[in-house]
Amino acid sequence: MAGSNKTNPTTALRTGITPPRWLLAELTYACPLQCPYCANPIDYTKYQSELDTEDWKRVLTQARKMGAVQLGFSGGEPLTRKDLPELVKHARDLGYYSNLITSGYGLTEEKIAQLKDAGLDHIQVSIQASTQELNDHIAGTESFQHKKDVAHLVKKHGYPMVLCVVIHRENIHQMPQILEMAEELGADYLELANTQYYGWAHANRDLLLPTKEQFEQAEQIAQAFKEKVAGKMKIYYVVPDFYEDRPKACMNGWGTTFLTIAPDGVALPCHSARELPGMDCPNVKDYSIEQIWYESLTFNFFRGFEWMKEPCSSCDEKEKDFGGCRCQAYLLSGDMYAADPVCSKSPNHHVIQEAIDSAKASALADNEKPLIFRNSKNSRLLS
Ligand code: FES
């Protein structure tokens, strides 16, 4: 096997490692939108090569054989891949429950019908705001009316209507209107995802992070609406971890459940893992999914508890949150082994308050710097 530094024979016994359940296929980094909170890596332009159709089919087959049941097609914008219907059909033949995670941009009634015939189970459409002006500003592309038309078509073709709105300081004041819009569009599920500060969102954090008061007010509005539409629409409110005092159990624990494949074939335990120092993530062109999942150093890096240091190693909550998010620990403290600074027990917890204060100062500044939109020009500038 090439690149022997990527495997760890001591873990080849596979004791106690459960197989992946969720496979996220990031088909491409190409995207017509330019959202400033995109979770793709800032330097995505460095990874231009994409797996071909046969590579993806092999990956899907191997992961399904191991036990993966849920499959997300995402990106970038997965609709830019011409072979999407063929991959959906392959996923259906393998018995996956498949989900298309899309901006809706470029989705037509004909394509929706084609994907339905191919066996797609679920479409999640993102929308940026409740008004054309703000939606198109955040998306960096005129797309509001098209997204709403797509939402109606998704419903018309018998899919569950899943709407996703990423919440941040630019749109949090629209919470009542966003909820009404979701109801009008006939959404069965509404995901209100407070921005997670990785990738482009990390670069734009001063401009995107709302105050605690804004979060609390928005949450109250969403909770009240949840009761009003109970039985008709389900609302998931993804809590903002910057205002929590315990970290999230990121990825349900590293290498336990989730497997992400980046457009160039790099296999990741989470979408940001390739940004961690020395991670040298394996590629599906060189290894089987089984080798990658059980034997690669990357997937074994933060499995279990041995890698932890204090305060995580002696913490009685470590089996609940696994020390929080490794990528957030690295981004905020420079140490990927440290407790996630979101945790109030972390010696680095002060950086969270500093980030909140910095965002507040930015909002009050007369000449607040502009958002950095996710596009190839900015990617090259920042890489
Ligand atoms: Fe990488 Fe949380 S995003 S561990």
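All figures in this text were calculated on a predicted structure; none of them were measured in a lab.

Draft legend 1. Just the overall build of the protein chain, in detail. Each helix and strand counted, the protein chain has 15 helices and nine strands in total. For 383 residues, the compact-globule estimate of 2.2 N^0.38 gives 21 Å, and the protein chain sits close to it at 21 Å. With the principal axes as the frame, the protein chain shows a C-alpha extent of 55 × 50 × 45 Å. Taking the contacts inside the protein chain whose residues are at least 6 apart along the sequence as the reference set, 74% of them involve residues at least 24 apart. Total accessible area on the protein chain is roughly 16,500 Å²; 51% of this is exposed by carbon and sulfur atoms. Computed over 40 positive and 50 negative side-chain charges, the separation of the two mean positions in the protein chain equals 4 Å.

Draft legend 2. Representation of the nonpolar core. Within the largest apolar cluster, 90 residues are counted, with the highest numbers of intra-cluster contacts made by Phe 73, Leu 192 and Ile 261. Setting aside chain neighbours within four positions, we find Ile 261 in contact with Leu 23, Leu 24, Ala 25, Glu 26, Leu 51, Trp 56, Val 59, Val 266, Ala 267, Val 284 and Ile 289. Core analysis: the second largest hydrophobic core is formed by 24 residues, Tyr 29, Trp 200, Val 266 and Cys 327 among them.

Draft legend 3. Quick peek at the sheet that holds strand E9 (residues 267-268). Spatially, nine strands are ordered E7-E6-E5-E4-E3-E2-E1-E8-E9 in an open sheet, and the strand pairing comes out mixed. Each end of this open sheet is capped by a strand with a single partner; those strands are strand E7 (234-238) and E9. Direction of pairing for strand E8 (residues 258-261) relative to E9: antiparallel, over a ladder of two bridges. Following the sheet pairing, Ile 261 is matched in E9 by Ala 267.

Criteria and thresholds
- Residues numbered from 1 in each chain as written.
- Predicted model: local features only at pLDDT ≥ 70, side-chain atom pairs only at ≥ 80, totals over all residues.
- Heavy atoms only, no water.
- Helix = DSSP H or I, 4+ residues; strand = E, 2+ residues; numbered from the N terminus.
- Rg over C-alpha atoms; globule rule 2.2 N^0.38 Å.
- Contact = heavy atoms within 4.5 Å.
- Areas by Shrake-Rupley, 256 points an atom, 1.4 Å probe, with all protein chains shown as cover.
- Lys, Arg positive; Asp, Glu negative; His and termini not counted.
- Charge placed at Lys NZ, Arg CZ, Asp CG, Glu CD.
- Core = buried A, V, L, I, M, F, W, Y, C linked by side-chain atoms within 4.5 Å.
- Buried < 20%, exposed > 50% of the residue type's maximum accessible area, 1.4 Å probe, protein only.
- Pairing = 2+ DSSP bridges.

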